[in-house]
Amino acid sequence: MAARRIAGMQVPERLRPATKVFRDRVARVRSSFRRHGISALLVVDAAPLRYLTGFTGSNGLLILRSSTARLYTDGRYQEQARHEAGRVAAVHVVAGGLFEAAVREGGLRYCRVLGYDDRTFSNRHYKEVRRLLPSTRLVAVPGLVEQLAAVKDRAELTSLAAAAAISDRVFREILPLLRPGVRERDVALEISYRQGKLGAERDSFEPIVASGPRSAMPHAKASDRPIARGDAVLMDFGCVVEGYGSDITRTVFVGRPHPELKRLYGLVLEAQARARDAVQAGVPGRVLDALARGVIARAGYEKYFPHSLGHGIGLNVHELPRIAPASRDLLTAGNVITIEPGVYLPGVGGIRIEDDVVVQEGGSTLLTHSSRDLIQL
Ligand code: ZN
Ligand code: ZN
């Protein structure tokens with residue numbers, strides 16, 4: 001098969017899954033209908049639409065019934081929808097509201113119980129379905145597709161690894177640019193630009209670049225602040241290849257670090273290593289979180305670690321499984337998760353170290369390989 005290189009990695013030219021992959025995914029969703037007591041499923045969110053059909057447009061409605069799959073979209077996506085999804089779903093190009101058209105065309109005729117994901121379904125959608133199908137029962141099936149999508153296949157893992165390889169390379173390239181006087185915003189722009197140049201479709205999210213005291217805000221946007229000597233610079237970024245995203249954080253120092261932050265760097269690294277070493281199929285997400293949190297708590301910094309340890313990544317930057325104190329999710333082989341403990345001292349600065357990890361039976365593999373050693377520039 002033809003191959004291309006992404007950030008030094010050999011990647012097949014066509015990462016797009018084969019038709020069979022989509023058909024299998026659709027079949028697995030259908031086989032769960034009975035368990036959820038539904039006779040059809042509505043899908044409107046971009047990630048599950050892409051996961052089930054390959055469709056990448058921004059306006060689509062998939063109606064999955066036990067023997068039919070219909071994808072409704074508008075004229076802008078006529079060619080694209082047929083090309084991307086035509087082998088998995090009957091594509092209907094319609095004018096106006098997609099639901100209205102779907103009902104008019106009989107896509108939901110005789111449907112008694114309709115499943116929908118209440119986390120991605122807007123109130124407007126809900127009201128519209130209620131109005132158009134007054135006698136159909138609506139049942140919320142949160143995460144039905146997402147649960148299947150949490151277990152990645154080979155092609156998905158290749159895309160995730162390629163995205164991680166790009167972000168790793170950009171991290172290396174960006175280090176020489178971090179100097180006193182350089183604005184956070186310029187660093188963020190360089191990250192986006194370089195990821196794109198190396199073959200990414202887009203950023204996974206707007207890069208976070210936070211320096212000095214601003215690094216104590218876990219999700220600070222890049223600002224006009226110039227980096228100063230002695231700053232911690234926290235960079236959290238990622239990029240997307242074939243729909244699948246990377247998500248990495250590194251914190252480096254420009255000049256000599258604040259002594260407490262230097263100590264905390266070692267602590268966060270230890271917490272991260274503790275959790276990384278424990279990753280394997282069967283481990284509950286909350287146990288992983290507790291391992292890292294315990295390391296930080298024993299050093300007396302528990303209240304400075306205000307977020308969960310990690311999250312699944314894939315077509316969405318945040319997806320299942322949850323790696324958090326109250327998570328009930330069990331790690332499964334094929335999950336890809338982040339491990340990202342952090343400690344943030346108000347007025348001083350923050351440290352976070354984040355990597356992307358593939359869960360396997362009896363262990364794990366890292367997708368991000370950037371150095372975790374304390375870097376002083
Ligand atoms: Zn991140
Ligand atoms: Zn993350």
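Just above sits the structure.
**A look at the nonpolar core**
Most often, soluble globular proteins keep nonpolar side chains buried together rather than apart.
Phase 1 of the analysis: In this structure, Val29, Leu41, Leu52, Leu62, Leu64 and Leu71 are the most contacted members of the largest nonpolar core, which totals 38 residues.
Phase 2 of the analysis: Contributing elements (two or more residues each) for this core: helix H1 (19-30), strand S3 (40-43), helix H3 (46-53), strand S4 (60-65), strand S5 (69-73), helix H4 (78-85), helix H7 (144-149) and helix H8 (154-174).

**Considerations on the packing of aromatic side chains**
Phase 1 of the analysis: The tally for this structure, following the rule as stated, stands at six aromatic pairs.
Phase 2 of the analysis: Relative to tyrosine 304, the ring of tyrosine 301 has its centre 6.0 Å away and its plane inclined at 55 degrees; by these criteria the two rings are tilted.
Phase 3 of the analysis: With a relative accessible area of 10%, tyrosine 301 lands in the buried category.
Phase 4 of the analysis: One aromatic cluster is present, built from ring pairs that chain together Phe99, Tyr116, Phe121 and Tyr126.

**Considering H4**
Phase 1 of the analysis: Considered for burial, the residues of H4 that qualify are Ala81, Glu84 and Ala85. End-on view of H4: buried residues confined to an arc of 80 degrees, all on one side of the axis. Relative to its buried face, H4 has exposed residues pointing more than 90 degrees away, namely Glu79 and His83.
Phase 2 of the analysis: Those residues of H4 hidden inside the fold are in contact with H3, S5 and strand S6 (90-93).

**Things to note about the environment of glycine 212**
Phase 1 of the analysis: By the element assignment, glycine 212 lies in the loop between strand S10 (208-211) and strand S11 (231-237).
Phase 2 of the analysis: Not counting residues up to four positions away in its chain, the partners in contact with glycine 212 are Arg225, Asp231, Ala232, Val348 and Gly349.

**Section: the coordination of the zinc ion (ligand 1)**
Phase 1 of the analysis: For the zinc ion (ligand 1), every protein donor is listed as Asp236 (OD), Asp236 (OD), Asp247 (OD) and Glu354 (OE), and the spread of their distances is 2.0 to 2.5 Å.
Phase 2 of the analysis: Each of the four donor atoms around the zinc ion (ligand 1) contributes to a set of angles spanning 56 to 150 degrees, which defines the coordination as irregular.
Phase 3 of the analysis: The sequence pattern describing where the donors of the zinc ion (ligand 1) fall on their chain is D-x10-D-x106-E.
Phase 4 of the analysis: Between the zinc ion (ligand 1) and the zinc ion (ligand 2) the interatomic distance comes to 3.1 Å, and aspartate 247 is a ligand of both metals. Pair noted here: aspartate 236 is in strand S11 and aspartate 247 is in the loop between strand S13 (244-245) and strand S14 (248-254), with a separation of eleven residues, a long-range link.
Phase 5 of the analysis: Classification of aspartate 236 as buried rests on a relative accessible area of 3%.
Phase 6 of the analysis: Take aspartate 247: its relative accessible area is 3%, and that puts it in the buried class.

**A look at the coordination of the zinc ion (ligand 2)**
Phase 1 of the analysis: Taken together, the protein ligands of the zinc ion (ligand 2) are Asp247 (OD), His311 (NE2), Glu340 (OE) and Glu354 (OE), with distances of 2.1 to 2.2 Å.
Phase 2 of the analysis: Coordination at the zinc ion (ligand 2) is irregular, judged from the four donor atoms that bind it and the angles of 78 to 154 degrees they form at the metal.
Phase 3 of the analysis: Mapped onto the sequence, the residues coordinating the zinc ion (ligand 2) show the spacing D-x63-H-x28-E-x13-E.

**Some points on the pairing of strand S18 (residues 342-345)**
Phase 1 of the analysis: Both faces of S18 are covered, namely the face carrying Gly342 and Tyr344 and the face carrying Val343 and Leu345.
Phase 2 of the analysis: The sheet contact formed by S18 and strand S19 (residues 349-352) spans four bridges and is antiparallel. Paired with tyrosine 344 across the bridge in S19 is glycine 350.
Phase 3 of the analysis: Hairpin connection, S18 to S19: the antiparallel pair is bridged by three residues, and glycine 347 has positive phi, about 80 degrees.

**Brief notes about the sheet that holds S14**
Phase 1 of the analysis: Strand order in the open sheet made by the three strands is S10-S11-S14, with antiparallel pairing throughout. The open sheet has two edge strands with one neighbour each: S10 and S14. Looking at each pair of strands side by side, their axes are set apart by 15 degrees on average, direction ignored.
Phase 2 of the analysis: Two strands pair when backbone bridges link them, and S10 and S11 are joined in this way by four bridges, in the antiparallel orientation. Paired with alanine 210 across the two strands is leucine 234, which belongs to S11.

**Focus on the side chain of serine 246**
Phase 1 of the analysis: Assignment of secondary structure puts serine 246 in the loop between S13 and S14.
Phase 2 of the analysis: Reaching out from serine 246, the side chain makes a polar contact with the side chain of serine 167 at a distance of 2.8 Å.
Phase 3 of the analysis: Among all residues touching serine 246, those that are not within four sequence positions of it are Ala163, Ala164, Ser167, Ser204, Phe205, Phe237, Gly238, Cys239 and Asp356.

**Structural notes on the pattern of salt bridges**
When the charged atoms of two side chains lie near each other, side chains of opposite charge can form a pair.
Phase 1 of the analysis: Counted under the stated rule, the structure contains 22 salt bridges.
Phase 2 of the analysis: With a shortest N-O distance of 2.7 Å, arginine 183 and aspartate 224 are connected by a salt bridge. Note that arginine 183 is positioned in the loop between H8 and helix H9 (184-197) and aspartate 224 in the loop between S10 and S11, a separation of 41 residues in sequence.
Phase 3 of the analysis: The partner of arginine 185 in a salt bridge is aspartate 224, with the nearest N and O atoms 2.8 Å apart.

Parameters at a glance
- Residues numbered from 1 in each chain as written.
- Chains lettered and ligands numbered in written order.
- Predicted model: local features only at pLDDT ≥ 70, side-chain atom pairs only at ≥ 80, totals over all residues.
- Heavy atoms only, no water.
- Core = buried A, V, L, I, M, F, W, Y, C linked by side-chain atoms within 4.5 Å.
- Buried < 20%, exposed > 50% of the residue type's maximum accessible area, 1.4 Å probe, protein only.
- Helix = DSSP H or I, 4+ residues; strand = E, 2+ residues; numbered from the N terminus.
- Phe/Tyr/Trp six-rings, centres within 6.5 Å; stacked < 30°, edge-to-face > 60°.
- Arc of directions from axis to C-beta.
- Contact = heavy atoms within 4.5 Å.
- Donors = N, O, S within 2.8 Å, 3.2 Å for Na, K, Ca; no water.
- Tetrahedral: all angles 85-135°; square planar, octahedral: opposite > 155°, others 65-115°.
- Pairing = 2+ DSSP bridges.
- Axes fitted to C-alpha atoms, helices over the stretch in contact; angles between N-to-C directions.
- Polar contact = N/O pair within 3.5 Å; in protein donor to acceptor, adjacent residues only side chain to side chain.
- Salt bridge = Lys/Arg side-chain N within 4 Å of Asp/Glu carboxyl O.

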